[in-house]
Amino acid sequence: MLVVVRHAMPEFGPDRPPEEWPLSPAGRAGAVALRGRLPSGALVVASAEPKARQTLEPYGDVAVDDRFGEVRRDEPYDGDFRARRRAYVEGVAYPDWERRADVVTRFGDAVAEWQERAGLRPLVVASHGMALTVWLTAAVGLDDPGGFWSALQLPDAFTVDIPGRRVERLP
């Protein structure tokens, strides 16, 4: 079983880059609540970003893998970042943003490696909205990547059936 998690609410602001944002108090509460929705006995791995790792820490020990990081990009803090990000997951290529094919490769390689390590245990991966959406679009064929990305919650969790090409939100 593969479960992918979008991190909980970070403490954000222009004073530090997004890859350094920790969870906010609301995010920590969301991470604790998420713990009960995740499968027991799982191998747990997260992006190296604090907000992703901290989302899974209430579950137990968390391994870290940089390949589950968010899309690498040069993006200003202010402005309509939601419209830019949605356009990216829908196929727009921006200069100074990681190519979607590269995101798919690094993320997919990491999933395959960690699934092998997990063996028969469930695998839980915490990552970020755009990276998850881009990878899921390639892995299972999301019909509406922009709609999927826009509907993501903080936190959110999904079971992924790659051979069956299905993604289902955990209750």
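Before reading on, note that the structure itself is shown above.
What this report covers is the structure whose coordinates are included nearby. (Residues numbered from 1 in each chain as written. Predicted model: local features only at pLDDT ≥ 70, side-chain atom pairs only at ≥ 80, totals over all residues. Heavy atoms only, no water.)

### Brief notes about the sheet that holds strand E4 (residues 123–127)
- Taken in spatial order, the 6 strands make up an open sheet running E3-E2-E4-E1-E5-E6, and their pairing is mixed. Both edges of this open sheet fall to strand E3 (63–64) and strand E6 (166–169), since each of them pairs with a single strand only.
- With 4 bridges joining them, strand E2 (residues 43–46) and E4 adopt parallel strand pairing. Bridging across to E4, leucine 43 finds its partner in leucine 123.
- Sitting on the sheet, helix H4 (residues 100–118) touches strand E1 (2–6), E2, E3 and E4, and the angle it makes with E4 is about 150°. (Pairing = 2+ DSSP bridges. Helix = DSSP H or I, 4+ residues; strand = E, 2+ residues; numbered from the N terminus. Contact = heavy atoms within 4.5 Å. Axes fitted to C-alpha atoms, helices over the stretch in contact; angles between N-to-C directions.)

### Structural notes on helix H3 (residues 81–89)
- All buried positions along H3 are accounted for by Arg85, Ala87, Tyr88 and Val89.
- On its buried face, H3 is in contact with H4, helix H5 (129–140) and helix H6 (145–151).
- Residue glycine 91 follows H3 closely and has a positive phi angle near 125°. (Buried < 20%, exposed > 50% of the residue type's maximum accessible area, 1.4 Å probe, protein only.)

### A short note on the environment of proline 95
- If you trace the backbone, proline 95 turns up in the loop between H3 and H4.
- Residues proline 95 and arginine 72 lie 23 residues apart in sequence; the distance between their C-alpha atoms is 11 Å.

### Side note on a nonpolar patch on the surface
- A grouping of Met9, Phe12, Tyr77 and Leu154 is seen on the molecular surface, where their side chains present a nonpolar patch of about 370 Å² in accessible area.
- For methionine 9, the location among the structural elements is in the loop between E1 and helix H1 (25–35). (Patch = residues over 30% accessible without salt bridge, like charges linked within 9 Å, V, L, I, M, F, W, Y side chains within 5 Å. Areas by Shrake-Rupley, 256 points an atom, 1.4 Å probe, with all protein chains shown as cover. Salt bridge = Lys/Arg side-chain N within 4 Å of Asp/Glu carboxyl O.)

### Observations regarding the pattern of salt bridges
- For the structure on display, the rule yields 15 salt bridges.
- The salt bridge partner of arginine 106 is glutamate 98, with a shortest N-O separation of 2.8 Å. Taken individually, arginine 106 and glutamate 98 each receive the classification buried, so the pair is uniform in this respect.
- Through salt bridges that share partners, Asp65, Arg67, Glu113 and Arg117 make up one connected network.

### Looking at the pairing of E2
- Here E2 shows two buried faces, one formed by Leu43 and Val45 and the other by Val44 and Ala46.
- Pairing analysis gives 2 bridges linking E2 to E3, with the strands arranged parallel. The partner of alanine 46 across the bridge, within E3, is valine 64.

### Quick look at the packing of H4 against H5
- Between H4 and H5, the least distance of the axes is 9 Å, while the angle of their chain directions is 85°. One element, H4, and the other, H5, form an angle in the roughly perpendicular class. Taking contact as the criterion, the partners of Arg100, Val103, Val104, Phe107, Gly108 and Val111 in H4 are, on H5, Ala131, Leu132, Val134, Trp135 and Ala138.
- Among the residues making up the contact of H4 with H5, the classes are represented as 9 nonpolar, 1 polar and 1 charged. (Parallel < 35°, antiparallel > 145°, perpendicular 65-115°, else oblique. Nonpolar A, V, L, I, M, F, W, Y, C, P; charged D, E, K, R; others polar.)

### Things to note about the environment of valine 44
- Structurally, valine 44 can be placed in strand E2.
- Sequence-wise, valine 44 and glycine 60 are 16 residues apart; in three dimensions their C-alpha atoms are separated by 8.0 Å.
- Setting aside residues no more than four positions away along its own chain, valine 44 makes contact with Leu56, Tyr59, Asp61, Val62, Ala63 and Val124.

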